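Inside the fold
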Protein chains: 2
Amino acid sequence: MVAALDEALAAWQLLLGPERVLQHADQLAPYAASTSAHPVWPLAVLRPLSHAEVVGVVRAAAEFSIPLYPLSTGRNWGYGDACPSGAGQVIVDLSGMRRILQLDTELAYAVLEPGVTQVQLANHLGAQQAPVWMDCTGAGPDTSLVGNILERGFGHTPYGNRMLHVAGMRLVLASGETLQTGFGHFSAARTTYLYPYGVGPWLDGLFTQSNFGIVTSLGLWLMPQSEMVSHLVASVEHFNGIAPVVDALRPLRMDGTLRSVVHIGNDLRVLSGGMVFPAAEVPQGPPLPDALRERLRSGAGIGAWTVSAALYGRPAQVADARRALRRAIGGLARLRFIDDRALDWGSAAARLLGSGRAGQRLAAQVDLGRSLLNMNRGVPDGRFLAGAYWRRRGGLPPAFPQGADPARDGCGMMWLAPVLPLRGAELLHVIGLVAPVFAAQRFDLFTTFSMINERTLGGVLTVCFDREDADETERAQACYSAAFERLLREGYIPYRVGPQSMAALDNGDDSYWRTVARIKAALDPQRIFAPGRYDGRYDGR
Amino acid sequence: MVAALDEALAAWQLLLGPERVLQHADQLAPYAASTSAHPVWPLAVLRPLSHAEVVGVVRAAAEFSIPLYPLSTGRNWGYGDACPSGAGQVIVDLSGMRRILQLDTELAYAVLEPGVTQVQLANHLGAQQAPVWMDCTGAGPDTSLVGNILERGFGHTPYGNRMLHVAGMRLVLASGETLQTGFGHFSAARTTYLYPYGVGPWLDGLFTQSNFGIVTSLGLWLMPQSEMVSHLVASVEHFNGIAPVVDALRPLRMDGTLRSVVHIGNDLRVLSGGMVFPAAEVPQGPPLPDALRERLRSGAGIGAWTVSAALYGRPAQVADARRALRRAIGGLARLRFIDDRALDWGSAAARLLGSGRAGQRLAAQVDLGRSLLNMNRGVPDGRFLAGAYWRRRGGLPPAFPQGADPARDGCGMMWLAPVLPLRGAELLHVIGLVAPVFAAQRFDLFTTFSMINERTLGGVLTVCFDREDADETERAQACYSAAFERLLREGYIPYRVGPQSMAALDNGDDSYWRTVARIKAALDPQRIFAPGRYDGRYDGR
């Protein structure tokens, strides 16, 4: 094995040059940094810059039987970060492949390499004055679009269900062959990036949340810019009050009035955007005492829940949607609509109020409003990463959000992501299931529920912990495991997991995972790619 | 082989009873009927009624190595009909599995077996007074929903891109194992039919246009009924005039003003809905002489092209969409909007006009309008099958559309289904490519171009021929092949093909088809399921 690794490294150095084959501990350490306190060190890190180099990397790996773990930019925070799926793997870091290979503003798509980040594409669209917007997530400007899509992440806009807005993948298979999905493998194809399915079996889904191939580019659809965007913020005073709001919004999500992903955050989720855990006031650590939590909530002017959504369209469409929303939830929540005009007014008013407390508070609200409207238009904002720092000693780094990287900054965070039927009672039921677990392990429960499609809520429940505190870290892992198991048993299956939970998805007698393993054995018989990543317990025989 | 078949038949008879194992030629003949004049006889036909029976059927097939060809209701007209993908196969006819296993009107989905037909589900929804509509196609009331979805067909409504509205497949694999996709393989899962992707590789696409498994049920999403539906019919006078209309509609399709599939038919497509080829007037056969074609067109009050689309929503939304459409194409086409109120007025006016020609013509128009509005609401109508009978001797059967079955009625028809970028110039280019081929073989060119998603047109070009005329049949096959090749070479790849073209999709050196073959070998090493169906030329080794 060691001899094989040395030979493989020599081959990779020949291919990439020694400076793109990282082996020193200080070069590898950033990749092992883990928000879940499960660091896994790679044997080495390779940094190919092109599809052809990836082919070469894979061929050498196959020749010497060294497992590879590909990553786009390695910012899969809370779900495994940049860590390989097991020990003994070599990372293929694709962040240097950051070309925007095509941009078509008429048919509204771009072809991206895995290293292209949210801010890079947003800036490119801006510089080209392209009349299109991308979808973006709150995970920060420097995260990879392709990486998030392959993990089946979701964003904030009408294109937030990202799997529905992808066509034409190019991959390297474990055999070293290049595969183009959709129509891309027909030499003259004109609709590779316009029509996902191609003819014959539609393979794209196979290469998401899997270890069957290394995607080196894909076509991402972009939204035409709309005349108007209006952001809804609805505040729900009491905890139980969210259930009727969810039920009243469901028909509007289903009939297309709400075409964007609707996010519902609890008070802690909103508060953690502007502060970290007040350790000075609460020296015994989490959870926040109820009285303090209430004081913080009322100080921020928020309720138990905040619903956030965006309306797009011509002014008449937006006005009609606003009326429909007021009819549906006007009696259940306090509604505010934010648009450019309202923000301009707010700015002016804040200037008039001056530097006093009221003026500062209004200015901060206007600033947040601009960030939200920007997100709706595909301009990412690092501020929404703040929640990851809740339990970090020292709080937010001074330059935050510049260069923010929760894994390398020492944040402790794990995400539970159950999928629920889109019903208010289900939301309350999920919280009822996990709240006792969080309470028993003494953690605050941060929750977001997002209408990721017309029929489900994607929950994101965060365990935030102090990674420098061994006891708290242990309790965090216990809390995560207990909540994970309870949710799974009750039928709230996660849409995505970190490496610590992949084996738990397979009960050992599941034809789904047997099928996955047989496909793995057919496409990658040596198990070169990311063994252990979303591949169950079965060995394919 | 014969001995094995006898043993397998004996096993199947034991399992299903002799009456559900069809072997007599007169029982098999309907399955061999072929609109493309490529009849393929099955060895036998099995009619299981449950998932468990399908498992039994597959196990016996595997034991005796007899290939199976599954079909839902066998109405894949123009794309292979009910014929197996090759000689020596036994058909598994699932049309007896016609249970609607679940209907949830709040979260708007149904779980269907493969035998459930369009009219059956539509009637069920009507009888339940369910506040939801299904998507339907023009392929007739008795066609299978599941079968069409697995062929990746498309319909007429906002749910017309059917692959996007499916979650939770249950299948029988060649091993006899049962596979549930999405979250369905987790015992307590609550969102099997609500969230397609599950966790881990998303497999659903693999089981469309393929031969990897037999789907025995799936979850189909239904549309919430909208307050108002308005059907747009836009008439474009001149042939070239369609290009600017396509370009002007594209932004409205892309921004969601047009959420439904937009269909664009040429004059012949519209005319063939109300007549067959006028053989008495044109004894030499097709093509229609120009002067006659023009006379027919002006008699029907149509232009060279007819654009058909539906608007859904609250009255204010529909009114806004109508305004946007008038602004976009009001100067390029003659627009009519059909809704319930307009049809009621039309009916009344037709009654006033009485039984004269004007009254009859108006009554017929109202009748067509009702059929179109019904389609928009998921009520299928057999009349849209009429085009298949264009060259049938004797024209439409007396009971048409009752019991219409183009394959068994002797219609000759083959479909070419290229996918185009959604641009007017591409539409004209495609016609420019195929028109000379059709002219050389003396066929009329029927065309529909449908905006099957926001970025492509799905073309359906029909070769209609007299199956009783050997020369015409031969020319039809030559016409089809030449047009198919030309389109493929120019990059207009078909979204779906009949069995005569499956091998032509693989140039023999294509890693896509090699990948498909490796998956086939992994999941069905004996090649029990539909060998030759969308599986390229490679044998999986």
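In what follows, the structure referred to is the one given above.
The following refers to the structure shown. In this text the structure is predicted, and so the values were computed from the model without any measurement.

**Regarding the overall build of chain A**
Across its full length, chain A carries 14 helices and 19 strands. Taking 24 Å as the expected radius of gyration for a compact globule of 541 residues, we find that chain A reaches 23 Å, a close match to that expectation. Expressed along its principal axes, the backbone C-alpha trace of chain A runs to roughly 70 × 55 × 45 Å. Looking at the 541 residues of chain A, the share that counts as buried comes to 63%. Counting only contacts in chain A whose residues sit at least 6 apart along the sequence, the fraction spanning at least 24 positions is 71%. Accessible area of chain A: about 19000 Å², with a carbon and sulfur share of 52%. Across chain A, the 50 positively charged side chains and the 49 negatively charged ones have centroids separated by 6 Å.

**Some words on the relation of the copies chain B and chain A**
The transformation that overlays chain B on chain A combines an axial shift of 0.0 Å with a rotation of 180 degrees, and the residual RMSD is 0.0 Å. Such a combination of rotation and displacement between the chain copies is what one expects of a two-fold axis. When the interface residues of chain B are mapped onto chain A, 100% of them are again interface residues, pointing to one common binding face.

**Looking at the pattern of salt bridges**
All chains considered together, the criterion is met by 62 salt bridges over all chains. A salt bridge links A:Arg383 to A:Asp367, with the nearest nitrogen and oxygen atoms 3.4 Å apart. Of this pair, A:Arg383 sits in the loop between helix H11 (357-376) and strand S16 (411-416) while A:Asp367 is found in helix H11, placing the two residues 16 residues apart along the sequence. Take A:Arg383: its relative accessible area is 25%, and that puts it in the partly exposed class. We classify A:Asp367 as partly exposed; its relative accessible area is 44%. For B:Arg377, the salt bridge is made with B:Asp340, and the minimal N-O distance between the two is 2.3 Å. In this pair, B:Arg377 sits in the loop between helix H11 (357-376) and strand S16 (411-416) while B:Asp340 sits in helix H10 (residues 340-353), placing the two residues 37 residues apart along the sequence. The exposure class of B:Arg377 is buried, given its relative accessible area of 18%.

**Quick word on the environment of A:Phe186**
Along the polypeptide, A:Phe186 turns up in the loop between strand S9 (178-180) and strand S10 (214-221). It is 51 Å that separates the C-alpha atoms of A:Phe186 and A:Leu268, two residues lying 82 residues apart in sequence. Every residue in contact with A:Phe186, bar those within four places of it in the chain, is listed here: A:Val199, B:Leu488, B:Ile493 and B:Leu505.

**Here we look at the interface of chain B and chain A**
Contact with chain B, which involves 89 residues of that partner, is made by 89 residues of chain A. Taken together, the two surfaces of chain B and chain A that pack against each other cover about 7600 Å², and 58% of this comes from carbon and sulfur. Sorting the residues of chain B by area buried against chain A places B:Arg190, B:Arg455 and B:Tyr512 first, and these three jointly supply 11% of that buried surface. One salt bridge in this structure joins A:Arg190 and B:Glu490, with 3.6 Å as the shortest N-O distance.

**Here we look at the packing of aromatic side chains**
If you walk through the whole model with that rule in mind, you get 29 aromatic pairs over all chains. With centroids separated by 4.7 Å and ring planes inclined at 70 degrees, the aromatic side chains of A:Tyr197 and A:Trp202 adopt a geometry described as edge-to-face. Accessibility expressed as a relative area gives 5% for A:Trp202, which makes it buried. Relative to B:Tyr197, the ring of B:Tyr195 has its centre 5.1 Å away and its plane inclined at 70 degrees; by these criteria the two rings are edge-to-face. Residue B:Tyr197 is classed as buried on the basis of its relative accessible area, which comes to 6%. Three or more aromatic residues joined by ring pairs make a cluster, and in this case those are A:Phe183, A:Tyr195, A:Tyr197, A:Trp202, B:Phe183, B:Tyr195, B:Tyr197 and B:Trp202. A cation over a ring is seen here: B:Arg391 above B:Phe277, with NZ or CZ 4.8 Å from the ring centre.

Each value, and the rule that gives it
Residues numbered from 1 in each chain as written. Chains lettered and ligands numbered in written order. Predicted model: local features only at pLDDT ≥ 70, side-chain atom pairs only at ≥ 80, totals over all residues. Heavy atoms only, no water. Helix = DSSP H or I, 4+ residues; strand = E, 2+ residues; numbered from the N terminus. Rg over C-alpha atoms; globule rule 2.2 N^0.38 Å. Buried < 20%, exposed > 50% of the residue type's maximum accessible area, 1.4 Å probe, protein only. Contact = heavy atoms within 4.5 Å. Areas by Shrake-Rupley, 256 points an atom, 1.4 Å probe, with all protein chains shown as cover. Lys, Arg positive; Asp, Glu negative; His and termini not counted. Charge placed at Lys NZ, Arg CZ, Asp CG, Glu CD. Least-squares fit on C-alpha atoms with pLDDT ≥ 70 in both. Salt bridge = Lys/Arg side-chain N within 4 Å of Asp/Glu carboxyl O. Buried area = accessible area lost by both parts, 1.4 Å probe. Phe/Tyr/Trp six-rings, centres within 6.5 Å; stacked < 30°, edge-to-face > 60°. Lys NZ or Arg CZ within 6 Å of the ring centre and 35° of its normal.

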